[in-house]
Amino acid sequence: MRVVLTGATGFVGSRVLRRLLAEAGVTGVTCLTRRPLDVRSDKLTVVQMDDFAHYEDALLDRLAGHRACVWTVGGSGSAAKDPVEYERVTHTFTLAFARALVPRLTGEFTFCHVSARRPGPGAAARRAARAPRDRTERDLTALARGHEGFVPYAFRPGGVLSERAGAAGRLLLAPFAVGAGELATALVRVACGDVPSPPLVLRNGDIRRLAR
Ligand SMILES: NC(=O)c1ccc[n+]([C@@H]2O[C@H](COP(=O)([O-])OP(=O)(O)OC[C@H]3O[C@@H](n4cnc5c(N)ncnc54)[C@H](OP(=O)(O)O)[C@@H]3O)[C@@H](O)[C@H]2O)c1
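Quick look at the structure, then.

Reading the values: the criteria
Residues numbered from 1 in each chain as written. Predicted model: local features only at pLDDT ≥ 70, side-chain atom pairs only at ≥ 80, totals over all residues. Heavy atoms only, no water. Helix = DSSP H or I, 4+ residues; strand = E, 2+ residues; numbered from the N terminus. Rg over C-alpha atoms; globule rule 2.2 N^0.38 Å. Buried < 20%, exposed > 50% of the residue type's maximum accessible area, 1.4 Å probe, protein only. Contact = heavy atoms within 4.5 Å. Near = heavy atom within 4 Å. Polar contact = N/O pair within 3.5 Å; in protein donor to acceptor, adjacent residues only side chain to side chain. Areas by Shrake-Rupley, 256 points an atom, 1.4 Å probe, with all protein chains shown as cover. Core = buried A, V, L, I, M, F, W, Y, C linked by side-chain atoms within 4.5 Å. Axes fitted to C-alpha atoms, helices over the stretch in contact; angles between N-to-C directions. Parallel < 35°, antiparallel > 145°, perpendicular 65-115°, else oblique. Nonpolar A, V, L, I, M, F, W, Y, C, P; charged D, E, K, R; others polar. Phe/Tyr/Trp six-rings, centres within 6.5 Å; stacked < 30°, edge-to-face > 60°. Pairing = 2+ DSSP bridges.

Next up on the list: the overall build of the chain. If you tally the helices and strands in the chain, you get nine helices and nine strands. In terms of overall dimensions, the chain is globule-like: its C-alpha atoms have a radius of gyration of 16 Å, near the 17 Å expected for 212 residues. Expressed along its principal axes, the backbone C-alpha trace of the chain runs to roughly 45 × 35 × 35 Å. Burial statistics for the chain: of 212 residues in total, 48% are counted as buried. Of all intrachain contacts in the chain linking residues separated by at least 6 positions in sequence, the fraction that spans at least 24 positions is 63%.

Here you go:
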């Protein structure tokens, strides 16, 4: 199967890329990226693009034969501090891609979208800040209602810990965070259809369980 990946230069996406390339059942990975990748593989196709809000017909035709996408564009960096940019990166980009691709799909397509944990009921300000994420999840679900075969999964990790946190750190922070490797493994397993009936929304505990 062939898989689309976004965010491959990032913390989560770079780990997803390594795992996808190592997966025997994955015959090709097409990365949509705004910066070059320093990874080489016969399985890898890199499509460099500036604007993730618009997708050319020729590209969509090429992607239509893929069976899954792992969407990790986003970031907790500068975009998160600017509401307009956060909206663009979180909602506009994700929906622009999904809405453009879906009418061209001919079979099943799994869309693994890396979202983020929802703050608890007391955290009104943080909930408001997360609104674009909520809308992204909702709009992907609505899109799926009209297109049988397109199945979006929302991964909602709390924090994501690098390998440097070590096993003890991961254990200590287990209620709040997952390991980056765990998240990458769970994303790849769901994208590859390796898990029978995964939940449509995956929280820390689900992510950890699927990574075992
Ligand atoms: N890291 C965490 O602790 C954590 C926790 C919960 C949820 N998440 C979510 O997981 C997702 C991935 O996070 P991450 O930690 O891997 O972030 P990251 O390291 O900052 O990577 C973000 C990726 O998105 C790309 N990107 C950002 N803005 C873009 C734009 N305007 N146009 C095109 N590409 C753009 C970046 O490309 P460039 O390299 O070109 O900038 C990079 O590949 C995000 O949605 C994040 O909110 C992360």
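Still more ground to cover, so stick around.
For the ligand, the set of nearby residues contains 23 residues, the closest of which are T9, V12, R34, R35 and R133. Between G74 and the ligand, the recorded distance is 3.2 Å, taken from a backbone N or O atom to an oxygen atom. When the free accessible area of the ligand is taken as 900 Å², the share hidden by the protein chains comes to 83%. Listed by contribution, the elements that provide at least two residues to the shell around the ligand are α1 (11–22), α4 (83–101) and β7 (159–161). Of the residues forming the shell around the ligand, the biggest block, three residues, is contributed by α4.

This part is about the nonpolar core. In this structure, L5, V16, L17, V29, F155 and L187 are the most contacted members of the largest nonpolar core, which totals 31 residues. Mapped by element, the contributors of at least two residues to this core are β1 (2–6), α1, β2 (28–33), β4 (68–71), β5 (109–114), β6 (150–156), α8 (180–191) and α9 (204–211). Per-element accounting of this core gives the leading share, seven residues, to α8. Contacts of L5, omitting those with residues within four sequence positions, involve G13, V16, L17, L20, V29, T30, C31, L32, V70 and T72.

Further remarks concern the environment of P196. Mapped onto the elements, P196 comes out in the loop between α8 and β9 (201–203). Linking P196 and T90, residues 106 residues apart in sequence, is a C-alpha distance of 28 Å.

By the element assignment, R99 lies in helix α4. Expressed as a C-alpha distance, the spacing of R99 and L140, which sit 41 residues apart in the sequence, is 8.7 Å. In this view, R99 contacts D139 and L143; residues no more than four positions away in its chain are not counted.

Relative to the assigned elements, T30 resides in strand β2. Not counting residues within four places of it along the chain, the set of residues in contact with T30 comprises V3, V4, L5, T45, V47, L63 and H66.

With that out of the way, let us pick up the packing of α4 against helix α6 (residues 131–145). Interhelical geometry of α4 versus α6 gives an angle of 10° and a closest axis separation of 9 Å. Our classification of the angle between α4 and α6 gives roughly parallel. Counted together, Y86, E87, T90, H91, T94, L95, A98 and R99 of α4 and P132, R133, R135, T136, D139, L140 and L143 of α6 form the full contact between these two elements. For the contact of α4 with α6, a count of residues per class yields six nonpolar, four polar and five charged.

A word on the packing of aromatic side chains. Following the criterion strictly, the structure yields seven aromatic pairs and no others. What links up through ring pairs into an aromatic cluster is the set Y55, W71, F97, F109, F111 and F150.

Relative to the assigned elements, T136 resides in helix α6. Taking the relative accessible area as the measure of exposure, T136 reaches 0% and is therefore buried. Leaving out residues up to four positions away in the same chain, T136 has contacts with T90, H91, T94, L95 and H113.

Three or more residues of α9 are buried, namely N204, D206, I207, R208 and L210. In this structure, the buried residues of α9 make contact with β6, β8 (177–179), α8 and β9.

Strand order in the open sheet formed by seven strands is β3-β2-β1-β4-β5-β6-β9, with parallel pairing between adjacent strands. Strand pairing shows two members of the sheet lacking a second neighbour, β3 (44–48) and β9, which therefore form its edges. For this sheet the average axis-to-axis angle between neighbouring strands, irrespective of direction, equals 15°. Looking at chain direction, β6 and β9 are connected through three bridges and run parallel. Bridge pairing in β9 links F155 to L202.

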